[in-house]
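Remarks on the overall topology
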Amino acid sequence: MSAIRPTTVEVETSLRLVAPDATALPVRASLRYDPADPYAVQVIFHAESAGGEAVSWSFARELLVTGLDEPAGIGDVRVWPWATPRGDFVALALSSPDGNALFEVPRSVLVRFLRRTYVVVPRGRETEHLDVDAAVNRLLAGR
């Protein structure tokens, strides 16, 4: 008998890329949570051109939760509350050797997304969804 696996949560949204001159450009993206990787969330940036490839960033779900109310993260991913005349947002700063980007994410979208992830894997119960044997097998297969 096989166990029923919880479903993946995915939300399509539009982020705003904040340019150095403070103008903002819309960017099509998805927020994704896979219970097979219960501590992480992904932001997937969709290519605008037909031949382009999506770019995915993966980081701790808890980082998003903390960043709703206070600055969180060091290094490549940082998140903090971002109030604008247009409403409440969350700033998502991404850094890589190729460059840096600052995005505005609607706070309400993040809150709804995170609530849905906690229905699938409740906060504090992530370890119940880890398949350590499968992770070890993947690591050993890469040798």
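Before any of the text, the structure's been laid out above.
The rules behind each value
Residues numbered from 1 in each chain as written. Predicted model: local features only at pLDDT ≥ 70, side-chain atom pairs only at ≥ 80, totals over all residues. Heavy atoms only, no water. Helix = DSSP H or I, 4+ residues; strand = E, 2+ residues; numbered from the N terminus. Contact = heavy atoms within 4.5 Å. Areas by Shrake-Rupley, 256 points an atom, 1.4 Å probe, with all protein chains shown as cover. Pairing = 2+ DSSP bridges. Axes fitted to C-alpha atoms, helices over the stretch in contact; angles between N-to-C directions. Salt bridge = Lys/Arg side-chain N within 4 Å of Asp/Glu carboxyl O. Buried < 20%, exposed > 50% of the residue type's maximum accessible area, 1.4 Å probe, protein only. Phe/Tyr/Trp six-rings, centres within 6.5 Å; stacked < 30°, edge-to-face > 60°.

This brings us to the overall build of the protein. Looking only at helices and strands, one finds three helices and seven strands in the protein. Of the contacts formed within the protein by residues at least 6 apart in sequence, a portion of 36% connects residues at least 24 apart. Just so you have it, the protein exposes about 9000 Å², and 55% of that area is on carbon and sulfur atoms.

This part is about the sheet that holds strand β7 (residues 99-106). What the seven strands build is an open sheet, ordered β4-β3-β2-β1-β7-β6-β5; its pairing is antiparallel. Every other strand in the sheet has two partners, leaving β4 (55-60) and β5 (77-84) as the edge strands with one partner each. In this sheet, adjacent strand axes meet at a mean angle of 35° when their direction is disregarded. Of the pairings in the sheet, the one linking strand β3 (residues 40-45) to β4 comprises six bridges and is antiparallel in character. Looking at β4, one finds that Q42 is bridged to S58.

On to the environment of A91, then. Position of A91 relative to the elements: it lies in strand β6 (residues 87-96). Each C-alpha atom, one on A91 and one on L68, is 9.0 Å from the other, the two residues being 23 residues apart in sequence. Setting aside residues no more than four positions away along its own chain, A91 makes contact with R78, V79, W80, W82, L102 and F103.

Turning next to the pattern of salt bridges. Pairing is possible between side chains of opposite charge, provided their charged atoms come close. A complete count under the given rule lists four salt bridges for this structure. Between E104 and R16 there is a salt bridge, with the nearest N and O atoms lying 3.3 Å from each other. Here E104 is found in strand β7, whereas its partner R16 is found in strand β1 (residues 9-18), with 88 residues between them in sequence. Given the relative accessible area of 5%, E104 is considered buried. What makes R16 partly exposed here is its relative accessible area of 27%. Here D69 and R107 are joined by a salt bridge, their closest N and O atoms 3.0 Å apart. Separated by 38 residues along the polypeptide, D69 in the loop between α1 (61-67) and β5 and R107 in helix α2 (residues 107-120) bring together distant segments of the chain. Taken together, the shared-partner salt bridges connect R16, R86 and E104 into one network.

In this structure, P71 sits in the loop between α1 and β5. With a relative accessible area of 65%, P71 lands in the exposed category. Once the C-alpha coordinates of P71 and V90 are considered, the two residues, 19 residues apart in sequence, prove to be 9.7 Å apart. If near-sequence neighbours (up to four positions away) are discounted, P71 is found in contact with V79, W80 and P81.

With that out of the way, let us pick up the packing of aromatic side chains. Under the definition given, this model contains two aromatic pairs. Arranged with centres 4.8 Å apart and planes meeting at 25°, the rings of F45 and F103 form a pair that is stacked. Of this pair, F45 sits in strand β3 while F103 sits in strand β7, and the two are 58 residues apart along the sequence. Judged by relative accessible area, which is 9%, F45 ranks as buried. Centre to centre, the rings of W80 and W82 are 6.2 Å apart; their planes meet at 50°, and the pair counts as tilted.

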